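# Descriptive analysis of the structure
Listed below are the residues making up each chain.
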Amino acid sequence: MCLTVENLACERGGRLVFEAVGFSAGAGDLVAVTGRNGAGKSSLLRVIAGLVPRREGAIRLDGGDAEKRPAEHMHYCGHADALKPSLSVRENLSFWRAYYGDADRSIEDALDLFAIEHLIDLPAAYLSAGQKRRLSLCRLLVSRRPVWLLDEPTSALDTATQARLAELMGEHLAGGGLILAATHGDLGLAPSLALTIGAP
Ligand SMILES: Nc1ncnc2c1ncn2[C@@H]1O[C@H](COP(=O)(O)OP(=O)(O)OP(=O)(O)O)[C@@H](O)[C@H]1O
């Protein structure tokens, strides 16, 4: 599998955010996307996920399932945890699994890996910020998608959970996955490619 981005430009609110962004990454690659606040890291991930239109440029995903659109090969975890507050932890994960398809780990196993299995019947609204983040990351585990687009994935996570996430990212890469992660800090894994958006 290979993700190729060529000469990408993005405009938001009528203003050019970035232009001439290009890179190529394959199975097993971790791309760390860095840049100052407002440089366009989140916008880049959202454009690749197909959530924001590009102004120009091309995005290609080769070697995937020909029956599926590129976005269907991707998990996008943004800043917002995208939880349904009135649904329980289990119901949130069941919803995501039904939506994203391609069941991978069980809901219980995913919760166990992020040490929130004891919260399974609690409404998501009652979770702490770090617990919400853990639940949001569980969706990566309950449906198998090869490309993970992660926006500041370690935010609100304690040190042990950051290490667990690094382990799970490592497993995903070792299994032929590809990860693009926007970050201001350390992901706990050495990136194969560092992509800086805007002036460093
Ligand atoms: N919906 C929108 N409408 C207008 N402008 C937007 C919109 N979303 C983002 N922007 C602008 O686009 C620019 C890039 O924002 P983006 O969130 O991609 O930056 P970032 O590099 O991820 O920043 P940070 O490090 O602070 O998270 C910012 O100037 C922001 O104000």
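Residues numbered from 1 in each chain as written. Predicted model: local features only at pLDDT ≥ 70, side-chain atom pairs only at ≥ 80, totals over all residues. Heavy atoms only, no water.

Where an unreviewed UniProt entry is consulted, the protein appears under the name Heme ABC exporter ATP-binding protein CcmA, with the organism given as Labrys okinawensis. What UniProt records for the protein under Sequence similarities (unreviewed entry) is the sentence "Belongs to the ABC transporter superfamily." (UniProt positions renumbered as here; feature names shortened; annotations may be inferred.)

Here the focus is the layout of surface pockets. Counted as a void, the largest pocket has a volume near 480 Å³. Looking at which element gives the most residues to the lining of the largest pocket, the answer is helix α2 (residues 89-100), with five residues. Of the residues that constitute the lining of the largest pocket, the class distribution is 11 nonpolar, three polar and five charged. Counted as a void, the second largest pocket has a volume near 250 Å³. In terms of lining, the second largest pocket is formed by 15 residues, of which the most central are Asp-104, Arg-144, Trp-148, Glu-171 and His-172. Of all the elements in the fold, those that place two or more residues in the lining of the second largest pocket are α4 (129-142) and α5 (159-174). For the lining of the second largest pocket, the leading source of residues is α5, giving three residues. (1 Å grid on protein atoms, 1.4 Å probe; cavity = no way out; pocket = protein on both sides within 12 Å on 5 of 7 lines; lining within 4 Å. Points joined across faces, edges and corners; volume = space filled by probe spheres on them. Helix = DSSP H or I, 4+ residues; strand = E, 2+ residues; numbered from the N terminus. Nonpolar A, V, L, I, M, F, W, Y, C, P; charged D, E, K, R; others polar.)

What follows deals with the site of the ligand. Looking at the ligand, there are 14 residues lining it, with Gly-38, Lys-41, Ser-42, Ser-43 and His-184 nearest. A distance of 2.9 Å separates an oxygen atom of the ligand from a polar atom in the backbone of Gly-38. In the model, an oxygen atom of the ligand is placed 3.2 Å from a nitrogen or oxygen of the Ala-39 main chain. Here the ligand has 640 Å² of accessible area as a free molecule, and 62% of this is covered by the chains. Elements with a contribution of two residues or more to the shell around the ligand: β2 (15-26) and α1 (41-48). At three residues, the largest contribution of residues to the shell around the ligand is made by α1. (Near = heavy atom within 4 Å. Polar contact = N/O pair within 3.5 Å; in protein donor to acceptor, adjacent residues only side chain to side chain. Areas by Shrake-Rupley, 256 points an atom, 1.4 Å probe, with all protein chains shown as cover.)

For Asn-7, which is not glycine, the phi torsion reads 50 degrees and is therefore positive. Locating Asn-7 in the fold gives a position in strand β1 (residues 2-12). According to the relative accessible area criterion, Asn-7 is partly exposed, its value standing at 43%. Despite not being glycine, Glu-152 shows a phi value in the positive range, around 45 degrees. Position of Glu-152 relative to the elements: it lies in the loop between β6 (147-151) and α5. We classify Glu-152 as buried; its relative accessible area is 15%. (Buried < 20%, exposed > 50% of the residue type's maximum accessible area, 1.4 Å probe, protein only.)

Glancing now at the sheet that holds strand β8 (residues 193-196). Ordered in space as β5-β6-β7-β3-β8, the five strands form an open sheet in which the pairing is parallel. The open sheet has two free edges, formed respectively by β5 (74-77) and β8, since each of these has just one partner strand. Going across the sheet, the axis of each strand differs from the next one's by a mean of 15 degrees, ignoring polarity. As judged from the five bridges shared by β6 and strand β7 (residues 178-182), these two strands associate in the parallel manner. Paired with Leu-149 across the two strands is Leu-180, which belongs to β7. Contacts between α1 and the sheet are confined to β3 (30-34), β5, β6, β7 and β8, with β6 contributing the most and set at about 150 degrees to the helix. Packed onto the sheet, α4 meets β5 and β6 and runs at close to 175 degrees relative to β5. (Pairing = 2+ DSSP bridges. Axes fitted to C-alpha atoms, helices over the stretch in contact; angles between N-to-C directions. Contact = heavy atoms within 4.5 Å.)

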